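Descriptive structure summary
Letter by letter, the chains look like this.
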Amino acid sequence: MQLTTSIRSTLVAGAAATALFTGAAGAVAAPAAPSAGAGAPATGAGAPAIGHSPYGQLRPLAALSAERLATGDLVAAAKWGTDGPVDDPAREREVLRAVADQARELGADPAVTVRIFRDQIEASKIVQRGLHRAWEADPGRAPTERPDLGEVRKEINRINGELVRAIAGSPYARSAPYCAPLLTVAAVRIHHERQLDGLHAGALARSLRSVCDGG
């Protein structure tokens, strides 16, 4: 199930998102989480661990997505002032192939994993393009140092691995009817904790679009 329009609007960039998220962590309470067995087998391969709530399974997806988005700032800085385009099809294919392989090793659905990571990649490009536009409009805000893109990608690969494991560990929460509201609460809290601006809030929403599509 995709995030509904109302849920997506909770996370859109701009003034509306900023106003909504101000103090949101203190104002928004998570919906009552169903028990681990609700809507899913309590035992068997891939079953959620006892005491591992649906929210507990979904929050890492939001947190890791925000962490991955932060690397988009570094990628943007590494490419700034160079001929390196934001779109890098070869790198994207490499990432998608790697996460699909890891998903198979973990017994997760590679197609679902790839779909989620396509959103992750698009969200990162939203950040990169947004920053480049801001730097073009105000060169004084542009980075003065260029990160090593190879080192940045090592960090991205690390986060990718953790994100694949989080996807593999949350099939029941992601396919449940309560996925979207719980994921929204997690995203709002992550937004508050990280004090995301409008650009990164909108990108976070984009990165999570397919999380609740199914197990």
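Just so it is clear, the structure is predicted and the values come from calculations on it, not from any experiment. (Residues numbered from 1 in each chain as written. Predicted model: local features only at pLDDT ≥ 70, side-chain atom pairs only at ≥ 80, totals over all residues. Heavy atoms only, no water.)

Now for the packing of aromatic side chains. Under the criterion given, the structure shown has one aromatic pair. When the ring of W80 is compared with that of W135, the centres are 5.4 Å apart and the planes differ by 75°; the resulting orientation is edge-to-face. Pair noted here: W80 is in the loop between helix 4 (54-79) and helix 5 (89-106) and W135 is in helix 6 (residues 110-137), with a separation of 55 residues, a long-range link. Under the relative-accessibility criterion, W135 is labelled buried at 9%. (Phe/Tyr/Trp six-rings, centres within 6.5 Å; stacked < 30°, edge-to-face > 60°. Helix = DSSP H or I, 4+ residues; strand = E, 2+ residues; numbered from the N terminus. Buried < 20%, exposed > 50% of the residue type's maximum accessible area, 1.4 Å probe, protein only.)

The next thing to look at is the packing of helix 4 against helix 10 (residues 198-207). Across the interface, helix 4 lies against helix 10 with an axial gap of 10 Å and an inter-helix angle of 125°. Judged on the interaxial angle alone, helix 10 and helix 4 are oblique. The two elements helix 4 and helix 10 meet at a crossing, and its hand is right-handed. Residues A62, S65, A66, L69 and D73 of helix 4 form the contact with helix 10, whose participating residues are H200, A203, L204 and S207. (Axes fitted to C-alpha atoms, helices over the stretch in contact; angles between N-to-C directions. Parallel < 35°, antiparallel > 145°, perpendicular 65-115°, else oblique. Left-handed = near helix turned anticlockwise from the far one by under 90°. Contact = heavy atoms within 4.5 Å.)

Our focus in this paragraph is the pattern of salt bridges. One pass over the full model with this rule turns up 14 salt bridges. Across the pair R158 and E67 runs a salt bridge whose closest N-O atoms are separated by 2.6 Å. On the criterion of sequence distance, the pair formed by R158 in helix 7 (residues 149-168) and E67 in helix 4 is long-range, its members being 91 residues apart. The class of R158 is partly exposed, set by a relative accessible area of 33%. Measuring nitrogen to oxygen at the nearest pair gives 2.6 Å for the salt bridge that ties D87 to R129. Of this pair, D87 sits in the loop between helix 4 and helix 5 while R129 sits in helix 6, and the two are 42 residues apart along the sequence. Counted as one network, the salt bridges with shared partners bring together D87, E92, E122, K125 and R129. (Salt bridge = Lys/Arg side-chain N within 4 Å of Asp/Glu carboxyl O.)

Once that is clear, we can look at the confidence of the model for the protein. With 75% of its residues at a pLDDT of at least 70, the protein reaches an overall mean of 82. Confidence over residues 1-51 falls short of pLDDT 50; this stretch has 74 contacts with residues more than four positions distant or in other chains. (pLDDT = per-residue confidence, 0-100.)

All chains considered together, the criterion is met by two cavities of 30 Å³ or more. The volume enclosed by the largest cavity comes to roughly 200 Å³. For the largest cavity, the lining is made up of 14 residues, of which R68, R91, I121, S124 and Q128 are closest to its centre. At the level of elements, helix 4, helix 5, helix 6 and helix 7 are the ones that each hand at least two residues to the lining of the largest cavity. Tallying contributions element by element places helix 6 first for the lining of the largest cavity, with four residues. Split into classes, the residues belonging to the lining of the largest cavity amount to five nonpolar, two polar and seven charged. (1 Å grid on protein atoms, 1.4 Å probe; cavity = no way out; pocket = protein on both sides within 12 Å on 5 of 7 lines; lining within 4 Å. Points joined across faces, edges and corners; volume = space filled by probe spheres on them. Nonpolar A, V, L, I, M, F, W, Y, C, P; charged D, E, K, R; others polar.)

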